[in-house]
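So you can see what is in the structure, the chains are spelled out below.
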Amino acid sequence: NALGRGLFACRDFQTNELITVYGGELITAEEARLRKDKAGTQSHRYLMRISDSDFLVDGWQYASGIGTRPNKAGIFLPTKEHATQFSQGCAAMANHDIGLKANATVSFVPLARAEAFQLLPRVPTLRANRLIKNGEEIRFNYGSSL
């Protein structure tokens, strides 16, 4: 699409249902600044700040493994050489939108309920904020999360 490769529902999602994880490499805010300033990198386009922490998830690791040309059906598929990255979650592929076209929201999930784990960063996920139909593009408001 005109916005980028995008993320599309492969089935219906009910309101508040978990769609996917925003997967990638966990990095510090300082590392994120270094990556943003590095020439020739696309990493800055896929950074998700984990709220209330000094950590971000760099989704470029996932996004870089998606082919740059669609197949005959118009679908961008993973390249075989990066196949191990796709167990992380594909939220990095979702495009930005606001208003009615934003059909998903970011939700941060704790790694565990035990008190010792409360200090660890939470996992960013996408949840449906309304019914999302099979084949519909999934979009969320990047807001200040990036």
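Located above this text is the structure these notes cover.
These numbers come from a predicted model, not from an experiment.

A. Broad picture of unusual backbone geometry. Backbone geometry places N16, a non-glycine residue, at a positive phi of 75°. With respect to the helices and strands, the residue N16 is situated in the segment before β1 (18–21).

B. Region of interest: the sheet that holds strand β2 (residues 25–28). Read from one edge to the other, the open sheet built from 3 strands follows the order β2-β4-β3, with strand pairing classed as antiparallel. Since the sheet does not close on itself, it has two edges, and those belong to β2 and β3 (47–49), each with one partner. Strand after strand, the sheet turns through a mean of 35° between neighbouring axes, direction not considered. For β3 and strand β4 (residues 55–58), the ladder comprises 3 bridges, and the chain directions are antiparallel. Along β4, the bridge assignment pairs R49 with L56. Running at roughly 100° to β2, helix α1 (residues 29–37) makes contact with β2, β3 and β4 of the sheet.

C. Local environment of the layout of surface pockets. Considered as a void within the structure, the largest pocket measures approximately 530 Å³ in volume. Lining the largest pocket are 22 residues, and of these G6, L7, F8, I75 and F76 lie nearest its centre.

Conventions used here
- Residues numbered from 1 in each chain as written.
- Predicted model: local features only at pLDDT ≥ 70, side-chain atom pairs only at ≥ 80, totals over all residues.
- Heavy atoms only, no water.
- Helix = DSSP H or I, 4+ residues; strand = E, 2+ residues; numbered from the N terminus.
- Pairing = 2+ DSSP bridges.
- Axes fitted to C-alpha atoms, helices over the stretch in contact; angles between N-to-C directions.
- Contact = heavy atoms within 4.5 Å.
- 1 Å grid on protein atoms, 1.4 Å probe; cavity = no way out; pocket = protein on both sides within 12 Å on 5 of 7 lines; lining within 4 Å.
- Points joined across faces, edges and corners; volume = space filled by probe spheres on them.

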